[in-house]
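# Chains, contacts and geometry: an overview
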Amino acid sequence: MLISFEGLDFCGKSTQVELLVNYLNNCGKRVKVIREPGGTVISEKIRDILLDKKNDKMHIETEILLFSASRSQLVREVIQPYLNDGYYVITDRFYDSTTAYQGFGRQIPLDFVEKINMFAVGGTIPQITFFIDIPIEESDKRKKLRNGGELDRIEMSQRSFYEKVREGYLYLAEKEKRFRIIDGLKHIDEIHEIIIKDISELEMKTGVK
Ligand code: T5A
């Protein structure tokens, strides 16, 4: 089963990924966790280029191609082999991030974004996608609360950019049946409970054990 997590920066994805991994491991399941961009030697190098705030001259066309290049390597080198081996693969961001950030945020035409996304993943589509939805104010609040650490190139974006990104996620949540919207202002434990309930239901429906 391929499970993806999506949302604005600081929405709580990594927190939930970690809780879910522990839960599935305790259930005796084999789990592989990845994050995007990154997850292979090549993809991590591309991540460094994408997030380096010194690269402020990066064009949006370059940006979408780099995110997609990182992903195409990850899918073929890691995701597909682990799925074929019967693992639960959990990914912290996947191609829906490109639709939200580059399609809506950067205003790259959606038909093109969809084509490049599908080219990059070669038909590898998550069974379920958790969109942890928080208002932009909450993302800003958590950004400020973060202990130290500089902002990366994307985190330095203006509020108007994040408004468009959130709009993109809401569009996807309407369009894609696999999307589950979760209120990211709920308590961490409550969100975790919702996630494991949704996964258990999906396992029963699809016969995955
Ligand atoms: N990007 C990525 C694109 O533009 N296009 C793409 O195609 C892709 C794949 C990646 C950046 O690249 C962009 C999006 C991103 O800007 P990243 O460093 O991987 O950068 O950053 P993120 O994926 O955004 O991950 P973050 O670590 O910033 O955020 P998370 O994982 O969503 O949040 P998390 O779990 O670290 O939590 C943040 C804080 O909130 C608290 C946590 O304790 C932590 O302090 N928290 C809560 N507080 C209150 N209530 C809750 N329910 C909470 N849950 C967590």
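Residues numbered from 1 in each chain as written. Predicted model: local features only at pLDDT ≥ 70, side-chain atom pairs only at ≥ 80, totals over all residues. Heavy atoms only, no water.

### Here's the deal with the side chain of D152
Tracing the sequence through the fold places D152 in the loop between α6 (136-145) and α7 (159-175). Here D152 sits buried without a salt bridge, and the closest side chain of opposite charge, R47, lies 5.7 Å off (N-O distance). Reaching out from D152, the side chain makes a polar contact with the backbone nitrogen of I154 at a distance of 2.9 Å. Those residues within four positions of D152 in sequence are excluded, and the remaining contacts are L51 and K53. (Helix = DSSP H or I, 4+ residues; strand = E, 2+ residues; numbered from the N terminus. Buried < 20%, exposed > 50% of the residue type's maximum accessible area, 1.4 Å probe, protein only. Lys, Arg positive; Asp, Glu negative; His and termini not counted. Salt bridge = Lys/Arg side-chain N within 4 Å of Asp/Glu carboxyl O. Polar contact = N/O pair within 3.5 Å; in protein donor to acceptor, adjacent residues only side chain to side chain. Contact = heavy atoms within 4.5 Å.)

### Digging into the packing of α6 against α7
Packing of α6 against α7 leaves a shortest axis separation of 10 Å and a crossing angle of 125 degrees. In this view, α6 runs oblique relative to α7, as classed from their interaxial angle. Where α6 crosses over α7, the two elements pack in a sense that is right-handed. Of α7, the residues touching α6 (which contributes I136, E137 and K143) are R159, Y162 and E163. Broken down by class, the residue content of the contact of α6 with α7 amounts to 2 nonpolar, no polar and 4 charged. (Axes fitted to C-alpha atoms, helices over the stretch in contact; angles between N-to-C directions. Parallel < 35°, antiparallel > 145°, perpendicular 65-115°, else oblique. Left-handed = near helix turned anticlockwise from the far one by under 90°. Nonpolar A, V, L, I, M, F, W, Y, C, P; charged D, E, K, R; others polar.)

### Quick look at the site of the ligand
Around the ligand there are 25 residues in total, and K13, S14, T15, R93 and T98 lie nearest to it. Measuring from an oxygen atom of the ligand, one finds a side-chain N or O atom of R47 at 3.0 Å. Within the backbone of K186, one N or O atom sits 2.9 Å away from a nitrogen atom of the ligand. Notes on the ligand: free accessible area 1,000 Å², of which the protein chains cover 79%. The cavity where the ligand resides is the largest pocket. For the shell around the ligand, the secondary-structure elements that each account for two or more residues are α1 (13-26), α2 (41-51), α3 (60-84), α4 (95-105) and α8 (188-206). With 4 residues, α4 is the largest single contributor of residues to the shell around the ligand. Broken down by class, the residue content of the shell around the ligand amounts to 8 nonpolar, 7 polar and 10 charged. (Near = heavy atom within 4 Å. Areas by Shrake-Rupley, 256 points an atom, 1.4 Å probe, with all protein chains shown as cover. 1 Å grid on protein atoms, 1.4 Å probe; cavity = no way out; pocket = protein on both sides within 12 Å on 5 of 7 lines; lining within 4 Å. Sits in = over half its atoms within 2 Å of the grid points.)

### Comments concerning α8
For α8, with 19 residues, the first-to-last C-alpha span of 27 Å sits near the 27 Å given by 1.5 Å per residue. Along α8, the residues classified as buried are I191, H192, I195, I196, D198, I199, L202 and E203. In a view along the axis of α8, the buried residues occupy a sector of 160 degrees, so they form one face of it. Turned more than 90 degrees off the buried face of α8, the exposed positions are K197, M204 and K205. Against the buried residues of α8 lie β1 (2-6), α1, β3 (88-92), β4 (128-133) and β5 (179-183). Two residues or fewer past α8, G207 is found with a positive phi of approximately 80 degrees. (Expected span 1.5 Å × (residues − 1). Arc of directions from axis to C-beta.)

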